[in-house]
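Fold and geometry: a report
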There are 4 protein chains.
Amino acid sequence: MSDRRDFIKQTGLLSMAGILGVNKTTAQPINKTSFDPKPSKWADGSRLVVSATMLFEAGGQPDNAPSPFPPNMKPGFKDLPAATWYEYGYKEGIPRMLDNWDRLGIKVTTHMVGSAVLKNPALAKEIVDRGHEASGHGMTWKDEYDMSYEEEKKFIKDGLDAIKKVTGKTAVGYNANFLRRSQNTLKILQELGCIYHIDDLSRDEPFIINVNNKDFAVVPYTVRNNDLGMIELKNFSPDQYLTQIKMEFDQLYEEAATRRRMLSVTFHDRVSGTPQMVRAATELIKYMQKHTGVAFKRKDEIAKMTLKDPTSLRE
Amino acid sequence: MSDRRDFIKQTGLLSMAGILGVNKTTAQPINKTSFDPKPSKWADGSRLVVSATMLFEAGGQPDNAPSPFPPNMKPGFKDLPAATWYEYGYKEGIPRMLDNWDRLGIKVTTHMVGSAVLKNPALAKEIVDRGHEASGHGMTWKDEYDMSYEEEKKFIKDGLDAIKKVTGKTAVGYNANFLRRSQNTLKILQELGCIYHIDDLSRDEPFIINVNNKDFAVVPYTVRNNDLGMIELKNFSPDQYLTQIKMEFDQLYEEAATRRRMLSVTFHDRVSGTPQMVRAATELIKYMQKHTGVAFKRKDEIAKMTLKDPTSLRE
Amino acid sequence: MSDRRDFIKQTGLLSMAGILGVNKTTAQPINKTSFDPKPSKWADGSRLVVSATMLFEAGGQPDNAPSPFPPNMKPGFKDLPAATWYEYGYKEGIPRMLDNWDRLGIKVTTHMVGSAVLKNPALAKEIVDRGHEASGHGMTWKDEYDMSYEEEKKFIKDGLDAIKKVTGKTAVGYNANFLRRSQNTLKILQELGCIYHIDDLSRDEPFIINVNNKDFAVVPYTVRNNDLGMIELKNFSPDQYLTQIKMEFDQLYEEAATRRRMLSVTFHDRVSGTPQMVRAATELIKYMQKHTGVAFKRKDEIAKMTLKDPTSLRE
Amino acid sequence: MSDRRDFIKQTGLLSMAGILGVNKTTAQPINKTSFDPKPSKWADGSRLVVSATMLFEAGGQPDNAPSPFPPNMKPGFKDLPAATWYEYGYKEGIPRMLDNWDRLGIKVTTHMVGSAVLKNPALAKEIVDRGHEASGHGMTWKDEYDMSYEEEKKFIKDGLDAIKKVTGKTAVGYNANFLRRSQNTLKILQELGCIYHIDDLSRDEPFIINVNNKDFAVVPYTVRNNDLGMIELKNFSPDQYLTQIKMEFDQLYEEAATRRRMLSVTFHDRVSGTPQMVRAATELIKYMQKHTGVAFKRKDEIAKMTLKDPTSLRE
């Protein structure tokens, strides 16, 4: 069984890349992931790290926010049933998931929208008191890719402050609305004391980038293991979602024997908080837990471990 | 295995919620569902209540109502095949489902559009004579969220009157077209003698709200266990629909060991009346019936039991 | 196990229907299908009749006809790959299906577009020579719901003439483009000597209607057992399509023990002619053939049997 | 079990086709594929040829190219997360697939976009050095169906030159962006020394056409065994995609006992390079490899074998 890295050592591709004047920032990572003679491993000895995210957004959405209802209402009227669809997120969804995380014995990262935190502070506080990470997700449901530097800095800071005020914890990570950060977002996060963001789909392992001449961690996200994308946008049934992520896990677990691998999976309050989806998540996580060396970690733990590790991938 | 409620008793979140000046109407229910030290149960000893809805709408639709056919006809022409797709609802769909409910020994709630009732009175009467509940669904297929108070009151009352005239029964519940009630709907229903509505997706159990300073029951609906949403809007196959609701049932049945839980499932005449969907419904209901303590109830029964029960959830 | 018909005999619904002045044309069929004390059966003793349709349309489509390709081309250019997608229908699809029908020992009805017949006459002739029915499907791929009486009569007649000229057979049935007939279509078909049409989705058994004061048979179609609708419009995978129709069959076969039932299933040249879909069709039909009393019939046979049978349903 | 070819010999369809003045170019192939008394076989004795394509496009896409993200951004802003979705294609996708092809012991054809090759030359070179075919796919992500002859010739040539410069290999085949070639494309390819193209969906076996009075091979493609079409456009889950192609294989393998058959399957860098899709591909290919006489071939090998073989189908 030929191995990619062995193969590379025979042919002198690195030099060739130089000759052709390859853009370093893009050629480098390939060298790093594919051409590295000695495989990287997780610093703490984990074989595969699973990073689970629970979004806390419901309650903070604007009127008539997107929902499973066709958007065919006259302007000026409130979509009352859609509003109750969101209420489900904090009345049933998060409470159900919190019980389930305890039952399964895992801790997750919760990206919290500031307005949702202020609407249901008791629930936000409970999430943190039960051992889960509170991470930034903006002050409201709003695009930030088109904000000015000042506007965006206030938007992100207000959200982090709301979390601090209600939960007593300082958030050190960030997820932008729809992943769509601006050109300034990372700089702002670094200035605000954050150590990582997740709005990057380029890899199956965390890596370090340089922001304001300091290290900053990227804990990659995914749209394929994302409940909102699969259930609400792609119209998957829960069993399809479950099967897909099991396949994802099987492959990454196998690869994790020889190199550092991370699986990211996402749970939104009103989508993954339903009985059927909690059933799917339970089966999924129990399946993963049957495998030796699988570690469920909060994103702040992953970021810290990555920043400390001299063998971490750098871009 | 940590339990959510035990956990809460250790930390004093209720007080904290006060300090932060949480919006009572939203904070309350969380307290109720999550922080209640002693779990609620169904008054009649049922473990899990299943609420099945059969929609009687076909025949009452306007010309060229939405159908599986692409809407690409020139204006001024009638979509003849689409009209026969609706006819299927009362010619094959409801008769087939009625036989099936008897075979399975369950009673359902039928939300009846007034114009459909007048178009096929014999069928409407038969539904009621076979023991199923006739409940309101408006006089015609029309949005009511944008109606004036007077207009909407007449619209709802005409529908209820059509049901009374044809079936001899007084409807006490309501489902608005597309769930989209107006700000006045609940007030109107209370005035017209109704005791419950279903246009709320916020919970997996019924609850009591205050309308005109009187109690009014909410028997929650769902869009995820809704045949129209899954089969026609999300393009599920019947087996996906079946699997999804089985997963929903398994989770709720487990939760029902310690608290009051209800599963709602929906059957539209022209969608769930097909052979393949009746096959799916039969397997689903037989699966549920294999479990101890599962009670299939009409929504009027559920509403009455809820209104009588001092331990019912209130918002 | 309560039976719907027995139940009815106890309550006097028929009279009541009269009192309320029910629209006879709609109330009648209900009486017929639901209230008839003695169940109807197929005249030839079949338990369940399966009516399979193979569409012969490819080659006759206009330039840039709808295909799996996104329609994002500048006007004035020909979509060359989409054209080859259609070619597949007559180069691989129909030849493959023809071999399969022989292997399975069934005869089907082929609705043939006139322009497709003239483009590939040898194939059209072969279909008929191998024992399948050639039935009308218009002269070209064109909406006829908006044609004048004269225009539509010529459109239908030209299509029937093309079939006659190429295959030597006289077509006696019809399927309108997208099922969308005009108000004149049935009158025209009766005038042209046709005995049935299929553009009706209202029932799971054939029935007789009155056209120009003569009997005319309706051999109902379906959009749910239609490959184009499921595979191309609903994005089903072939296994979903297979499972769905097996469920449809199981229910109809059970019902067929006590009343006349028909299952209709559709195969389009470029959609069901692929290897994966022929695989699905093979498994489906073999599954059906394992059941006693299942008869695969051409629609002309079904129409003739229906018109001859005094117990046939009339509307 | 009647056989299609035997049947034909009894009836004299060929002559009839003449009488009716059938368009030779379309009637011929039918005769060839269906009426040929002695079945065609692969020259090298393979029973079934599988042609796998790995697209190398990521990195070469324009800003804000289509992605799984809803296209609802204000103009003038860069979709940063979508860009990282593409990066995944060359950072994880292709390296993962390359290891997998080696593990499975197969060689594939890689259609390479010129701009992607120049962006990641080391990876392009590695693909070729590991034994896979580099084939043309245009200089950039651009429609060519609307280009002038000169413009298109330069566009295609620049892409082929980039491949030559980076990999040292001369590409002899072509795949147009979205399969949408212009009326001049084949002529241009012939002039540039290419021997085949794949932008044709009409058959399940390769064939020869005449371009500039010289033979040119068509190695047919498919949209149904295409990951981008199924996963991103039809929203299939990987297990649906896997099941679908297994069904496709089973039918073609059976047909391949008596005639030449080819199965084409497609893998895009950012779509099929995910862990879950590589898992599906591994199971699919291992399933195929269990069958005797299944040969995985590069498209250049298939084209050469076809052009040499006097029994090849001609149009």
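Read on for a plain summary of the structure. (Residues numbered from 1 in each chain as written. Chains lettered and ligands numbered in written order. Predicted model: local features only at pLDDT ≥ 70, side-chain atom pairs only at ≥ 80, totals over all residues. Heavy atoms only, no water.)

1. Examining the overall build of chain A
Note the following rule: Only runs of H or I of at least four residues qualify as helices and only runs of E of at least two qualify as strands under DSSP, and these elements are numbered from the N terminus. Residue exposure (1.4 Å probe, protein chains only): buried if accessible area is under 20% of the type maximum, exposed if over 50%, otherwise partly exposed. In short, Shrake-Rupley with a 1.4 Å probe defines the accessible areas, and a residue's cover is counted only from the protein chains shown.
Secondary structure assignment for chain A yields 13 helices and 10 strands. In chain A, which comprises 315 residues, the share counted as buried stands at 66%. For chain A, the accessible area works out to roughly 10800 Å², and carbon and sulfur atoms hold 54% of it.

2. Observations concerning the relation of the copies chain D and chain C
To keep things clear, this is the line we draw: Least squares is the method for superposing the copies, and the C-alpha atoms it fits come from residues with pLDDT of at least 70 in both.
With an RMSD of 0.0 Å, chain D superimposes on chain C once it is rotated by 90° and translated 0.0 Å along the axis. The two molecules are tied by a four-fold rotation axis, judged by turn and shift. Using C-alpha coordinates, one finds that chain D approaches the rotation axis most closely at asparagine 235 of chain D, a distance of 5.4 Å.

3. A closer look at the environment of glutamate 152 of chain D
Residue and element names in this part refer to chain D. Note the following rule: Residue contacts are counted whenever heavy atoms from the two residues lie within 4.5 Å of one another.
In this fold, glutamate 152 is placed in helix H7 (residues 149-167). Put simply, glutamate 152 and aspartate 227 are 75 residues apart on the chain and 27 Å apart in space, counted from C-alpha to C-alpha. Excluding its chain neighbours within four sequence positions, the residues that come into contact with glutamate 152 are Glu144, Met147, Ser182, Asn184, Thr185 and Ile188.

4. A look at the side chain of asparagine 175 of chain A
Residues and elements named next belong to chain A. Our working rule: Pairs of N or O atoms are called polar contacts if they sit within 3.5 Å, as long as, within protein, a hydrogen donor faces a hydrogen acceptor (for residues adjacent in sequence, only side-chain-to-side-chain pairs).
If you trace the backbone, asparagine 175 turns up in the loop between strand E4 (173-174) and helix H8 (185-191). For asparagine 175, the side chain forms a polar contact with the side chain of aspartate 199, separated by 2.7 Å. Apart from the residues within four sequence positions on either side, asparagine 175 is in contact with Leu55, His111, Gly136, His137, Ile198, Asp199 and Tyr221.

5. Some words on helix H6 (residues 121-129) of chain A
Residues and elements named next belong to chain A. Of all nine residues in H6, eight are buried; the element is thus mostly enclosed. Regarding H6, the residues found buried are Pro121, Ala122, Leu123, Ala124, Lys125, Glu126, Ile127 and Val128. Two residues or fewer past H6, glycine 131 is found with a positive phi of approximately 100°.

6. Some points on the interface of chain A and chain B
Rules: Here the buried area means the combined drop in accessible surface, using a 1.4 Å probe, for two parts upon being joined, counting both sides. What counts as a salt bridge is simple: a side-chain nitrogen of Lys or Arg found within 4 Å of a carboxyl oxygen of Asp or Glu. Polarity classes work like this: nonpolar for Ala, Val, Leu, Ile, Met, Phe, Trp, Tyr, Cys and Pro, charged for Asp, Glu, Lys and Arg, and polar for all others, with Gly in that last group.
Tallying the contact residues gives 49 residues for chain A and 48 residues for chain B. Where chain A abuts chain B, roughly 4500 Å² becomes buried across the two surfaces, and 58% of that area is made up of carbon and sulfur atoms. A salt bridge links arginine 96 of chain A to glutamate 255 of chain B; the shortest N-O distance between them is 2.5 Å. At the junction of chain A and chain B, the tally comes to 21 residue pairs in polar contact (both at pLDDT 80 or more). Counting residues per element, the side of chain A that touches chain B draws most heavily on helix H4 (residues 80-104) of chain A, at 15 residues. The residue inventory of the side of chain A that touches chain B, partitioned by class, reads 22 nonpolar, eight polar and 19 charged.

7. Details of the relation of the copies chain A and chain B
Turning chain A through 90° and shifting it by 0.0 Å along the axis lays it on chain B, with an RMSD of 0.0 Å. An asymmetric contact is evident, with only 4% of the interface residues of chain A recurring at the interface of chain B.

8. Focus on the packing of aromatic side chains
Threshold: Classification of ring pairs rests on two measures: the distance between centres of Phe, Tyr or Trp rings, Trp counted by its six-membered ring, which must be within 6.5 Å, and the angle between planes, read as stacked under 30 degrees, edge-to-face over 60 and tilted in between. Throughout this description, the term charge over a ring refers to an Arg CZ or Lys NZ atom that lies within 6 Å of the ring centre and within 35 degrees of the ring normal.
Across all of its chains, the model carries 24 aromatic pairs over all chains by this definition. The interplanar angle of 70° and the centroid separation of 5.3 Å between the aromatic rings of phenylalanine 77 of chain A and tyrosine 145 of chain B together place this pair among those described as edge-to-face. Placement of the pair is phenylalanine 77 of chain A in the loop between strand E1 (48-55) and H4 and tyrosine 145 of chain B in the loop between strand E3 (133-136) and helix H7 (149-167), with the two residues belonging to separate chains. For phenylalanine 77 of chain A, a relative accessible area of 30% gives the class partly exposed. For the ring pair phenylalanine 249 of chain B and tyrosine 287 of chain B, a centre distance of 5.9 Å and an interplane angle of 70° mean the geometry is edge-to-face. Separated by 38 residues along the polypeptide, phenylalanine 249 of chain B in helix H10 (residues 238-255) and tyrosine 287 of chain B in helix H12 (residues 275-289) bring together distant segments of the chain. Linked through ring pairs, Trp85, Tyr86 and Trp141 of chain A together constitute an aromatic cluster. Lying over the aromatic face of tyrosine 287 of chain A, lysine 246 of chain A brings its terminal NZ or CZ to 5.0 Å of the ring centre. The ring of tryptophan 42 of chain C carries arginine 260 of chain C above its face, with NZ or CZ at 5.7 Å from the centroid.

Coordinates in, geometry out; function isn't part of it.
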